[in-house]
Amino acid sequence: MSISYPKNHDVIVIGAGHAGCEAALASARMGCRTLVLTANIDTIGLMSCNPSIGGVGKGHLVKEIDALGGEMGKAADHAAIQFRRLNTRKGAAVQATRIQADRQSYRSYMKKALESEKNIDIKQRMVEGFLVEGGRIAGVKTNLGEHFFADAVVVTPGTFPNGLIHIGATKISSGRAGEGAATGISESFGSIGFNVGRLKTGTPPRLDGRTIKWEMLEPQPGDKNPKPFSFSNDIIDREQLPCYITYTNERTHDVIKNNLHKSPLYSGEIKGVGPRYCPSIEDKIVKFPDKDRHQVFLEPEGLNTYEIYPNGISTSLPLEVQYELVRTIDGLDEVEIMRPGYAVEYDYVDPTQLRPTLETKLIDNLYFAGQINGTTGYEEAASQGLVAGINAALRVKGEDPFILKRSEAYIGIMVDDLVTKGVDEPYRMFTSRAEYRLVLREDNADIRLGELGYKIGLLKEEDYAKFAIRKKAVAQEFLRLETIKVVPNAHFNEILIRLGASPIKKPHSLKELLRRPEISYRDLEFFELTVQDSITEDVISQIEMDIKYEGYIKRQMEQIGKFAKLEDFAIPDSFSYDNIPGLSTEIVQKLTKVRPNSLGQATRISGVTPAAISVLMVYLKRDGNQKQAQGHSISS
């Protein structure tokens, strides 16, 4: 017997992890009545794996979420117990922010954010299937026989679909330690016609910090002057905790080698593919036999707990072997394990069955976000949740979809990679995936995306006002530096020589001087009568990077302009690739499977040749099928 819930919603969000939280907040803040259905209200926003957010590539995603009006950056700043700026000695494109978070503080912040949003209702339910009418989503059904109705549904189930935990030979039907798997929803994916695959991830054992010999370990403190994740925050004034570094050794490796047959990874029990760039300690020992040690990063899980996350030794070995291996590591010879490490297998859906909006191609108004699309990591999930939530709201409101280009954001790169290429292993964001890294930096995410966030109604008025002030300050200071000239004389040339730069023989603008690698923005005070004390550090950083990399940025912008024609060359949804002379059967099959929305996307489909793109372009133009992408998506 089914029970129809009397209250209709505009959008239903299934799950309340990082993807679900961003999807629900985006939908609600854009004016849609939103229902969140989650198996456990107490785990809303839970950091189920490592207690950190950001890093190279991932930090870029968090900055972009914040610039568009999402919540992850604010939550990270609120819960952070250590800030660390990465790659500060490398180029601007790969510099990134990473924080250690108090896991419970982060969860509490995000739970309150959802509960405080007037357009969000929250219910603790397990969704088991979908209600579909005429090829369009109508709602969902729960294990209690309830039917909830909405115009759009966003699915963000994390690792719960058919989740199976492995600890040695022990198997537990679970998507996360202590919580049951979601089997009904996984069966629904297959019955609807989605291609379902299997992936794997894992965690290390959690350690009791009271049993660690900290004095033997190498401390890694955070930054003295932390730089916030969120553009809405100016300073961080909070207690910071150090992390510590230790290493595995030959004894550790011997323990693992001697017990490898007990690992479900190598006994054949685990069928799912794991993340290449975050392997288990078993994989590290097998795949890198020449390395005599591997770094273990000991991360505190919060201010009010002794629990420590040993990043670098994820494992699914039996618990007794986990004890044996961790106690071979310096500083951990008497350590106690509070929670065992484990591997978890789960179902995912082939993301090439999605549109660039993250709407499914099989069912209208149904959106997928997070690990269900084959990604790994909080930041990747939150980014997708934001995109899916925005597009679900826009669909309900009858407005044009929101699609970020590869040249606009790392979020655009990730979504394009997923829906165009699919995955054969858990997808993780890296700066190396970006063709235009110098344009897509962390520091300019608000300049790139703030206007878009405000236009769709997601970026709050006060945050937009702050963004507008910063944008104006950057433009004004850029102009000022171009205008003020420094004439060659003995005094100024002596200063240049002292700074390690060559003297000048003709007048130079302050901008031209700043372009020199030896000169920083603060050094300019030696050359001008007035110092701009009112300029903030974030504006200085933005200007310095833009000027020093101006030539490279200009070339990248020219490349973006060239490729824009292909990106704007739209392909109608109903377009048929059959019977086009010059296209092989294989290419027709690939184009038909992905159904690219533009020639630009078609160029990124594996196996689609430049010759095929030329044929397709000619055919589209000749038959009058080509149409400009204006109005097709919201863009800058």
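Attention in this report is confined to the structure presented alongside it. The structure displayed is predicted, hence computed values, not measured ones.

As for the overall build of the chain
Then step 1. Within the chain one finds 20 helices and 26 strands.
Then step 2. Radius of gyration (C-alpha) of the chain: 26 Å, near the 26 Å computed for a compact globule of 636 residues.
Then step 3. Dimensions of the chain, computed from the C-alpha atoms along their principal axes, are close to 85 × 75 × 50 Å.
Then step 4. When each of the 636 residues of the chain is scored for burial, the buried share is 58%.
Then step 5. If you take every contact in the chain between residues at least 6 apart in sequence, the share linking residues at least 24 apart comes to 73%.
Then step 6. Of the roughly 26,800 Å² that the chain leaves accessible, carbon and sulfur atoms contribute 50%.
Then step 7. Put simply, the chain has 80 plus and 83 minus side-chain charges, and the middle of one group is 3 Å from the middle of the other.

What about the pairing of strand β21 (residues 342-349)?
Within a regular strand, side chains alternate between the sheet's two faces.
Then step 1. Within β21, 8 of the 8 residues are buried, leaving the element largely enclosed by the surrounding structure.
Then step 2. Alternating residues of β21 divide into Tyr342, Val344, Tyr346 and Tyr348 and Ala343, Glu345, Asp347 and Val349, and every residue in both groups is buried.
Then step 3. Inspection of the sheet shows strand β11 (residues 164-167) paired to β21 by 3 bridges, in the antiparallel sense. Considered in β21, the bridge of Leu164 is made with Glu345.

Details of the environment of Val396
Then step 1. Among the secondary structure elements, Val396 is positioned in helix α10 (residues 378-397).
Then step 2. Overall, Val396 belongs to the partly exposed group, its relative accessible area being 25%.
Then step 3. Val396 sits 87 residues away from Thr483 along the chain, and the two C-alpha atoms are 49 Å apart.
Then step 4. Excluding its chain neighbours within four sequence positions, the residues that come into contact with Val396 are Asp10, Val11, Cys32, Asp151 and Ala152.

Observations concerning the pairing of strand β14 (residues 196-203)
Then step 1. The buried fraction of β14 amounts to 6 of the 8 residues, a majority that puts the element mostly inside the structure.
Then step 2. Strand direction decides the pairing type here: β14 and β21, joined by 8 bridges, are antiparallel. Among the inter-strand pairings, Gly202 is bridged to a residue of β21, identified as Ala343.

Cut-offs used in this document
Residues numbered from 1 in each chain as written. Predicted model: local features only at pLDDT ≥ 70, side-chain atom pairs only at ≥ 80, totals over all residues. Heavy atoms only, no water. Helix = DSSP H or I, 4+ residues; strand = E, 2+ residues; numbered from the N terminus. Rg over C-alpha atoms; globule rule 2.2 N^0.38 Å. Buried < 20%, exposed > 50% of the residue type's maximum accessible area, 1.4 Å probe, protein only. Contact = heavy atoms within 4.5 Å. Areas by Shrake-Rupley, 256 points an atom, 1.4 Å probe, with all protein chains shown as cover. Lys, Arg positive; Asp, Glu negative; His and termini not counted. Charge placed at Lys NZ, Arg CZ, Asp CG, Glu CD. Pairing = 2+ DSSP bridges.

Fair warning: the whole summary comes from geometry, so function is off the table for now.
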